[in-house]
Amino acid sequence: MTQTRQLHLNLNFLNAGTFASTWRWPDSQAGDFADVQYYVRTAQLAEKGTFDAVFLADFPALSDRPEYRPFQSLEPTITLATIAAATTHIGLIGTASSTYNEPYNIARRFGSLDHASGGRAGVNIVTTADSQAGRNFGLARPPAHRERYERAAEFADVIKALWDSWEDDALVGDKASARFVDASKIHPVRHVGRHFSVEGALNIPRPPQGRPIVVQAGGSEDGKDFAARHADAVFSVAHSLHDAIDYSRDLRGRAKAQGRSPDDILIFPGLVTVIGGTEAEAKRREEELWDLVPIEYGLGRLAGILQVDPTSLDLDKPLPDNLTVPVDGMQTFFKGALTLAERGQLTVRQLIRAQGGGTGHRIVVGTPEQIADGIEDWFRTGSVDGFNVMPDVIRSGFDAFVEEVVPLLRRRGIFRESYSGRTLRDHFGLARPSRLAPSAAVAAAE
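This is a predicted model, so every value here is computed, not measured.

1. Notes on the packing of helix H1 (residues 36-48) against helix H2 (residues 76-85)
Right, on to step 1. Axis separation between H1 and H2 bottoms out at 9 Å; the angle between their running directions is 50°. By the angle between their directions, the pair H1 and H2 is classed as oblique. Along this stretch, H1 crosses H2, giving a crossing that reads as right-handed. Mapping the contact onto sequence places Val-36, Gln-37, Tyr-39, Val-40 and Ala-43 in H1 and Thr-79, Thr-82 and Ile-83 in H2.
Right, on to step 2. Grouping the constituent residues of the contact of H1 with H2 by class yields 5 nonpolar, 3 polar and no charged.

Written as structure tokens, this is what we have:
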């Protein structure tokens, strides 16, 4: 019997929730963003709902306009390691900037997390365009877009080679012969490239998954090329089913051109959820969240994405006609904002609302049944493999998703009743990769 294709769900854990006003909601606590036990409790709820993974974004600087909302604060792998100790199955995906990290550090950190969690780790490799982050690392301005992605591609080559630097049976542990490891099965990577020079090998055995899951989040041409070559999963932006279908065809075509099976990459659009007992109740909840968002925050966030002065945007008029894609900015969110504005003929104020105050992702508002209907409709097209769920408010909105939406998805036969494996690769339905010898890894990168 052919196994039914199964939906995948990740929790995109944005502190108190997705809306900029979420921390002001009655059941939210202002200090949650820096409370690791809050993350643990939420991850345990995600595991109760048999989610594939929790995902932590990261940004190596104090967030813009911190006076308005919580920001990514705790270092992801420390938070995820704490979650790992309190859970048994949920996947653990954290973000690492290839712009401001070295591959040996990241390979070791996420390889260690994979060992500590029994094979549940994933790394979201991002390039960092923000000039504020650059100044924290001694740069007056961040590297150009193309250079960032060239560095990211080399970064991914090296971390995979490092994870593969130990053969699976290199650890001997023979007390009688006093032989701890078989040194002939540990291989320095001896990488010398444009951006990195790494002797290797890694100082930990090959991770339980062979390699932790590699995730990419970015819809620029360079970003899609990177994903087609390196990613096991992609976190995407899609405001309509048409967008999702186009993106899927494009990315899977690029993967095939790289000699990969198109099915080897899972695609997860972001999905912001606002849930109510009735549609009217859900819409009222959304309006109340909006009433708590300072318009200055949303305007500043949108202006940052568009790379324009906020004073050039009139809240009650459409976007200016002379906008151009930022060469070195957040191209994915720029294109998403323009598409959303043009398709709906939105004013700046309406666009800020449509983007959840600057999240850039699709927002769905309705009953549990309506949320489940939308998820099922998109999933059954085959253009997406699941969603990064982004609840409006973690403390109440995520509870509602797990308790009310998940059972509907299970009854429809598209989401698991229980975990069938232990690793994140098991959850995603991806095979454990064969180890590449260092010479083969170098050849694949050239």
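2. Concerning the side chain of Glu-286
Right, on to step 1. With respect to the element layout, Glu-286 can be found in helix H8 (residues 279-291).
Right, on to step 2. A residue is classified by how much of its surface remains accessible, and Glu-286, at 16% relative accessible area, is buried.
Right, on to step 3. Aside from chain neighbours lying at most four places away, what touches Glu-286 is Phe-19, Val-274, Ile-363 and Val-365.

3. Comments concerning the nonpolar core
Right, on to step 1. Formed by 70 residues in total, the largest nonpolar core has its most connected members in Phe-51 and Phe-401.
Right, on to step 2. It is helix H5 (residues 145-163) that contributes the most residues to this core, 10 residues altogether.
Right, on to step 3. Apart from residues lying up to four places away in sequence, Phe-401 is in contact with Leu-9, Phe-51, Thr-273, Ile-275, Ile-371, Ile-375, Val-389 and Val-406.
Right, on to step 4. Membership of the second largest hydrophobic core comes to 32 residues, among which are Trp-290, Tyr-297, Leu-302 and Leu-351.

4. Considering the packing of aromatic side chains
Right, on to step 1. The full count for this structure, using the stated rule, is 14 aromatic pairs.
Right, on to step 2. Here the aromatic rings of Phe-33 and Phe-71 are separated by 5.1 Å at their centres, their planes lie at 65°, and the arrangement is edge-to-face. Pair noted here: Phe-33 is in the loop between strand S1 (8-12) and H1 and Phe-71 is in the loop between strand S2 (53-56) and H2, with a separation of 38 residues, a long-range link. A single burial state applies to Phe-33 and to Phe-71, both of which are buried.

The rules we used
All residue numbers refer to position in the chain's written sequence, counted from 1. Where local features are concerned, this predicted model is filtered to residues with pLDDT of at least 70; where side-chain atom pairs are given and counted, the filter is 80 or more; whole-chain, interface and lining totals use all residues. Neither water nor hydrogens contribute to the side-chain values; these are computed over all heavy atoms in the structure. Interaxial angles span 0 to 180 degrees and are taken between N-to-C directions of axes, which are lines fitted to C-alpha atoms, for helices over the stretch in contact. Counting from the N terminus, the helices are DSSP H or I runs at least four residues long and the strands are E runs at least two residues long. By the definition adopted for this analysis, an angle is roughly parallel if under 35 degrees, roughly antiparallel if over 145, roughly perpendicular if from 65 to 115, and oblique otherwise. Whether a crossing is left-handed or right-handed is set by the direction in which the near helix is turned from the far one by less than a right angle, anticlockwise for left-handed and clockwise for right-handed. Only heavy atoms matter for contacts: two residues are in contact if any of them lie within 4.5 Å across the pair. For this classification, Asp, Glu, Lys and Arg are treated as charged, while Ala, Val, Leu, Ile, Met, Phe, Trp, Tyr, Cys and Pro are nonpolar and the rest, including Gly, are polar. Exposure categories follow from relative accessible area, calculated using a 1.4 Å probe and restricted to protein chains: below 20% of the type maximum is buried, above 50% is exposed, and the middle band is partly exposed. Grouping buried Ala, Val, Leu, Ile, Met, Phe, Trp, Tyr and Cys residues that are joined through side-chain atoms within 4.5 Å yields what is termed a nonpolar core. Side-chain rings of Phe, Tyr and Trp, where Trp is taken by its six-membered ring, are said to pair if the distance between their centres is within 6.5 Å; with planes under 30 degrees apart they count as stacked, over 60 as edge-to-face, and otherwise as tilted.

So far we have only geometry, and geometry alone does not tell us how the molecule works.
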